[in-house]
Amino acid sequence: MCQPCNGTELISADATTCVPRRCQKSGGRVVCRKCPSDYISVTQNFDGSPMKEVTCFKCHRGYKAYDNKCVKCEVCSCGRNEMAVSGKCLPKKYVMERPKYSDNKLHPNALLDIVKLEYLCTQADTRACHALARECVKYLYLTDLAGPCRLWLQKNGTYDVDCTKNITDLNSDFGKLFELFIPGENYKAFPISILKPDGNFVQKGSWPRSKFRKIFLIDKILSTTTNMTTIVYLRKLLIAFRIERGLKESLKLYIHTEAHFAIKSPLVQQITTTLLVDHEMPYASVYRGLEIWGAILSLLFCIYALVQWRSVIRRGGLYISIIPLIASATADGIYFATSFSTLHALAAEAGNLGITLPLSQTEENIIKIVLYSVIILKSLKVVWINWNQCRVDVFFIDWLQHHSSISDLPTTGYRHDWRSILLAKEWMEWQAKRRSSPIATVICTLGILQITEQWNSYIPKSIGYKWVIATIVWWFSYTIIFLINWIKQRFLARPMSLLKSCSGAELSLIVFQEEFYAHYVHGRNEDFDSSMNFPGPLATCRVVCATQIRTVYKKLAHNGNGKYYSNRLLLSKFLSAFFERALDGLSWVAIERTLLERLLDVELTNSEGSNVSTLLYDINDNTPSCLALTWWGEEWTLATFDCMLFGSIFVGTNNLLLAAITTILIYQMLKELRLWFGSRNLKQKTGIKVE
């Protein structure tokens, strides 16, 4: 008969003998050793023979003692970069970067379970996703970013998950049947369309929607004709949510579900079920606003581009210039139309309902397409103006040689003195100078957006709304910096430095913008001969050249045959004589530009093409007009290009910092190219190399 072991013994693992424990007497009592919590008691050797004494054995890493057995414990083997969360090893980085929970509706232990389920769901654990969705519903769809609904509080779009499982594992792991339940005491009608494996939908009359509770994922069907078992599984589950605006500023939610079933081929050992959730938000009238604003603004900008093109042609420019002008005008019209439409939609959404709905996916795509298109169109104009500015004819008129005899002038070995080099450096300094620095604009924009980040959190997570807010901040920053620079230039008279350089070096600068249109900066020193001084406004004027002037200039400036230097000396005397009215038959007349011509930067009067050259001047503007052939005169084109570039990168990456860095890098690259090509052109036209 079996006899129980006494208090100083333990029964062996095979229940055949009693193994003594290590005990000792203390104070008339017998005390036996107990194994620590992470140890188990061992009573038998490896060969099954009983041990002389019970031994305590510590469980290896990754195991813990349970019921005197070492059982696998996942959290016991967490790595250095992991931490235990509700019995699961999670990456420390994932837990630390997760948003902090600010609501008080979740118990700390429940929150730990949610963190674990959320991580497992991101690792394609379907059951964890189901459990997490249940918690989201249980807590009434919390909007806290650290709550159980965090994975669903993302940008509206399509959520696509493929679940792949080996068919041989179904019986052991999950069973034969999967069911999707719609919980609730009263099961109401649920709109669902069932697509059978034969490609036909189940008709309404044959599917009792009011009794619908569940559908199967996997099932086996026995054919009555072939006596074969076929595995039928859910191939795709499509859930579409559509929100529409109702009467009295209300919203209506429509749900449509389609279940597509398929038959597994005997040759395939795996099946894939796709869960597709599609959100269709109501339109915020961005497209309609774009149609209206786009038509109006694009028409106005294109009319202005045609007026500019007319002036370019009458100045002797190329007919092909209409392409970049129209492209730039169209880009400006569409860009500002999209900005106004999106801003109007945001204001309307914020004012009509208690919540501000995000833009629909279609409107988001329209904004992206528009920004990508306008930056391409604007790039044509930017390339065109840089190409034009890097091929202009530049000439320095030397007034010190005005009274010299032609026979006294050297025909070879002409060298540029310090005066020409000084003026060339001053001219090159203005090639890539901007009225408002893009770097300062970018920094100011990022600073304002960072300060208003808390306020921006109330705006829906819509890239279109984010873009229009960033655009408003960009133009606000640009306007501030532009006004600061304008005030500095107004009082410090920085643009007049070019006029002072010409006057100090006794050199005049003439730059041909088009065939018969040039910009002149007078450099005659007032102390030398006051009879040859131009009155104030004429010192920096525009010249509409007569045909004879341009013909003589081209012959002398571009004639080779070893007479380059002598020809340039003759050209210097010829142009200085022209401005002194010394040549018979070549006269000029001075005309003040009208207010409309100054605002639009065009010539509306019919003064080109005659035998009389015209000097056009602005009565209250002493800024050299030749700066129109530098970045200084193309500020509008370059400013809109910077903003379009910043916006297109932002909507494409949803990263403000990346958009800012890219905008600055492209600006610096264009600046270096502009300076290099400008220096190359100056060397070709004047022979002066600026270091």
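We now turn to the structure provided with this report. Nothing here was measured: the structure is a model prediction, and the numbers come from that model.

What to know about the pairing of strand E3 (residues 23–26)
- Sheet topology places E3 next to strand E4 (residues 29–32); four bridges connect them, and they run antiparallel. Looking across to E4, one finds that Gln24 is bridged to Val31.
- Counting the residues in the hairpin turn of E3 and E4 gives two residues, including Gly27, whose phi is positive at 65°.

So, the sheet that holds strand E19 (residues 517–521)
- The strand order across the open sheet built from six strands is E17-E18-E19-E20-E22-E21, with neighbouring strands paired in mixed fashion. Looking at the sheet topology across the chains shown, the edges are occupied by strand E17 (393–398) and strand E21 (588–592). Strand after strand, the sheet turns through a mean of 25° between neighbouring axes, direction not considered.
- As defined by bridge partners, E21 adjoins strand E22 (residues 613–617) across five bridges and the pair is classed as parallel. Bridged to Ala590 within E22 is Leu615.
- Relative to strand E18 (residues 507–514), helix H12 (residues 497–505) is tilted by about 130°, and along the sheet it contacts E18, E19 and strand E20 (540–544).

Structural notes on the packing of helix H11 (residues 463–492) against helix H16 (residues 635–653)
- Direction vectors running N to C along H11 and H16 enclose 150°, while the axes themselves pass 10 Å from each other. One way to sum up the angle between H11 and H16 is to call them roughly antiparallel. The two elements H11 and H16 cross, and the hand of that crossing is right-handed. Each of Ile463, Lys466, Trp467, Ala470, Thr471, Trp474, Trp475, Tyr478 and Phe482 in H11 lies in contact with H16, whose residues at this interface are Glu635, Ala639, Thr640, Asp642, Cys643, Phe646, Gly647, Phe650 and Val651.
- Among the residues making up the contact of H11 with H16, the classes are represented as twelve nonpolar, three polar and three charged.

Remarks on the pattern of salt bridges
- Evaluation of the coordinates by the stated rule reveals eleven salt bridges.
- Close ionic contact of Asp601 with Arg542 constitutes a salt bridge, the shortest N to O distance being 3.7 Å. Of this pair, Asp601 sits in the loop between helix H15 (595–600) and E22 while Arg542 sits in strand E20, and the two are 59 residues apart along the sequence.
- A residue is classified by how much of its surface remains accessible, and Asp601, at 34% relative accessible area, is partly exposed.
- Taken together, the shared-partner salt bridges in this structure form one network comprising Arg542, Arg593, Asp601 and Asp618.

Reading guide: rules and limits
- Residues numbered from 1 in each chain as written.
- Predicted model: local features only at pLDDT ≥ 70, side-chain atom pairs only at ≥ 80, totals over all residues.
- Heavy atoms only, no water.
- Pairing = 2+ DSSP bridges.
- Helix = DSSP H or I, 4+ residues; strand = E, 2+ residues; numbered from the N terminus.
- Axes fitted to C-alpha atoms, helices over the stretch in contact; angles between N-to-C directions.
- Contact = heavy atoms within 4.5 Å.
- Parallel < 35°, antiparallel > 145°, perpendicular 65-115°, else oblique.
- Left-handed = near helix turned anticlockwise from the far one by under 90°.
- Nonpolar A, V, L, I, M, F, W, Y, C, P; charged D, E, K, R; others polar.
- Salt bridge = Lys/Arg side-chain N within 4 Å of Asp/Glu carboxyl O.
- Buried < 20%, exposed > 50% of the residue type's maximum accessible area, 1.4 Å probe, protein only.

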